[in-house]
Amino acid sequence: MFITFEGADGCGKTTQIKLIDEYLRSKGYKTLLTREPGSKGLGEKIREILLNYDGEVSSRCESFLFLADRAQHVDCIIKPALQEGTIVLCDRHTDSTVAYQGYGRGLDIEEIKKLNALATGGLKPDLTIVFDVDIETSQARVGKNKDRMESAGIEFFKKVREGFLEIAKEEPQRVKVINSSDTIENIHKKVVELIGK
Ligand code: TMP
C-alpha cells in the first residue's frame with residue numbers, strides 16, 4: 001500500500017502520519033515513513049533550496065525542483081520499499097504540486113498532472129488523505145518562523161486549500177478529506193478507520 005498525506009501548511013498531517021506509523025507498526029506491519037520534498041540524500045539538498053533559498057525563484061523552476069525531488073524519491077526510495085511489501089506512508093506527494101504550483105501559483109493544472117505522471121513513472125497512491133482546516137487555524141499552527149513556502153501569504157493558502165478540496169472532488173475513490181480542526185485523538189481515530197477500510 002502506498003498512502004499519501006496532504007493538506008495546506010499547518011493542517012496537522014505530520015503529527016497524524018507519525019501516529020498512524022506507530023499504530024501500524026504496533027499491529028506488526030512493516031512501514032516506511034517518508035516525505036516530500038527531501039526524504040534523504042539528494043532530496044535533502046533539493047528541500048534545502050526549495051524552503052530556504054532567499055533569491056528569486058520562478059514558479060516553473062519551483063515546480064521542476066519539486067518534480068525532480070519526486071522522481072528521485074519514487075525511484076530510489078518508494079518503489080524499492082513497495083516491492084518489498086512495505087506500507088509506504090508519504091508526507092506530501094503529487095497532489096501538493098497540483099494544489100501549490102497549480103492552484104496556488106497559477107500554473108496550468110493539466111500540465112502539472114502530466115509532469116507528475118512523468119516524475120512518478122505512473123505510480124499512484126492507493127489512498128490519499130487530505131487534512132482540511134480553515135486558513136486562520138493553519139496559519140496560527142505554522143507560527144511566526146516561516147520558511148520560503150510558508151511565507152506565501154493568506155490568499156495563496158486559500159487557493160491551495162481550495163485546490164486540495166477540488167482534487168478530492170475529482171477523485172473521490174482515492175482521495176478522502178478529514179476535518180482537521182478536531183482533537184489529535186479524534187483525527188487519529190478517523191485515519192485508522194480510513195486505512196482499515
Ligand atoms: P512540509 O512543510 O509539509 O514539509 O512541505 C514543504 C513545503 O513545500 C510546503 O510548504 C508545501 C510545499 N510543497 C509544494 O509547494 N509543492 C510540492 O509538490 C510539495 C511536495 C511541497
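Attention here is on the structure that accompanies the text. (Residues numbered from 1 in each chain as written. Predicted model: local features only at pLDDT ≥ 70, side-chain atom pairs only at ≥ 80, totals over all residues. Heavy atoms only, no water.)

**Section: the packing of aromatic side chains**
This is how the line gets drawn: Between rings of Phe, Tyr and Trp, where Trp is taken as its six-membered ring, a pair exists when centres lie within 6.5 Å; planes separated by under 30 degrees are stacked, by over 60 edge-to-face, and by other angles tilted. Numbered from the N terminus, helices here are DSSP runs of H or I no shorter than four residues, and strands are runs of E no shorter than two. Throughout this description, buried means an accessible area under 20% of the type-specific maximum (1.4 Å probe, protein chains only), exposed means over 50%, and partly exposed covers the range between.
Under the definition given, this model contains five aromatic pairs. Relative to F157, the ring of Y100 lies with its centre 6.3 Å away and its plane at 85 degrees, an arrangement referred to as edge-to-face. A residue pair is termed long-range when its members are at least 10 positions apart, and Y100 in helix α4 (residues 94-104) and F157 in helix α7 (residues 154-170) qualify at 57 residues. For Y100, a relative accessible area of 6% puts it in the buried group.

**Some thoughts on the pattern of salt bridges**
Defined as follows: The salt bridge definition used is simple: a Lys or Arg side-chain nitrogen within 4 Å of an Asp or Glu carboxyl oxygen.
This structure, assessed with the given rule, holds 18 salt bridges. Salt-bridge contacts for K169 lead to E166; the nearest nitrogen and oxygen are separated by 3.8 Å. Placement of both K169 and E166 in helix α7 is noted, with a separation of three residues, approximately one turn of the helix. On the basis of relative accessibility, which here comes to 63%, the residue K169 falls in the exposed class. We classify E166 as partly exposed; its relative accessible area is 28%.

**Describing the nonpolar core**
Which entries qualify depends on this criterion: The set of buried Ala, Val, Leu, Ile, Met, Phe, Trp, Tyr and Cys residues whose side-chain atoms join them within 4.5 Å is what this entry labels a nonpolar core.
Ranked by size, the top nonpolar core spans 19 residues in total, and within it Y100, V160 and F164 carry the most contacts. Secondary-structure elements contributing two or more residues to this core are α2 (42-52), α4 and α7. Ranked by the residues each element gives to this core, the list is headed by α7, at six residues. Counting 17 residues, the second largest nonpolar core, distinct from the first, contains I3, I17, V191 and I195.

**Re the pairing of strand β1 (residues 2-6)**
To keep it simple, the criterion reads: Any two strands are treated as partners once DSSP identifies two or more bridges connecting them.
Of all the five residues making up β1, five are buried; the element is thus mostly covered by neighbouring parts of the structure. A two-sided burial pattern is seen for β1, the buried positions comprising F2, T4 and E6 on one face and I3 and F5 on the other. Bridging between β1 and strand β3 (residues 87-91) involves four bridges; their strand directions are parallel. Across the sheet, F5 pairs through a bridge with D91, a residue of β3. The sheet contact formed by β1 and strand β4 (residues 127-132) spans four bridges and is parallel.

**Describing the site of the ligand**
To be explicit about the condition: Any residue with at least one heavy atom within 4 Å of a molecule or strand is counted as near it. What qualifies as a polar contact is a pair of N or O atoms within 3.5 Å, subject to a donor-acceptor requirement within protein and to the restriction that residues adjacent in sequence count only when both atoms come from side chains. Areas reported as accessible are Shrake-Rupley estimates using a 1.4 Å probe. Residue values count occlusion only from the protein chains shown. Charged residues are taken to be Asp, Glu, Lys and Arg, nonpolar residues to be Ala, Val, Leu, Ile, Met, Phe, Trp, Tyr, Cys and Pro, and polar residues to be all remaining types, Gly included.
Every one of the 14 residues lining the ligand counts as a neighbour, but D9, K13, R92, T97 and Q101 are closest to it. A distance of 2.9 Å separates an oxygen atom of the ligand from a polar atom in the side chain of K13. Here an oxygen atom of the ligand sits 3.2 Å away from a polar atom, N or O, in the side chain of R70. About the coverage of the ligand: the protein hides 94% of its 480 Å² of free accessible area. For the shell around the ligand, the secondary-structure elements that each account for two or more residues are α2, α3 (59-83) and α4. Counting residues per element, the shell around the ligand draws most heavily on α4, at four residues. Looking at the shell around the ligand, its residues break down into five nonpolar, three polar and six charged.

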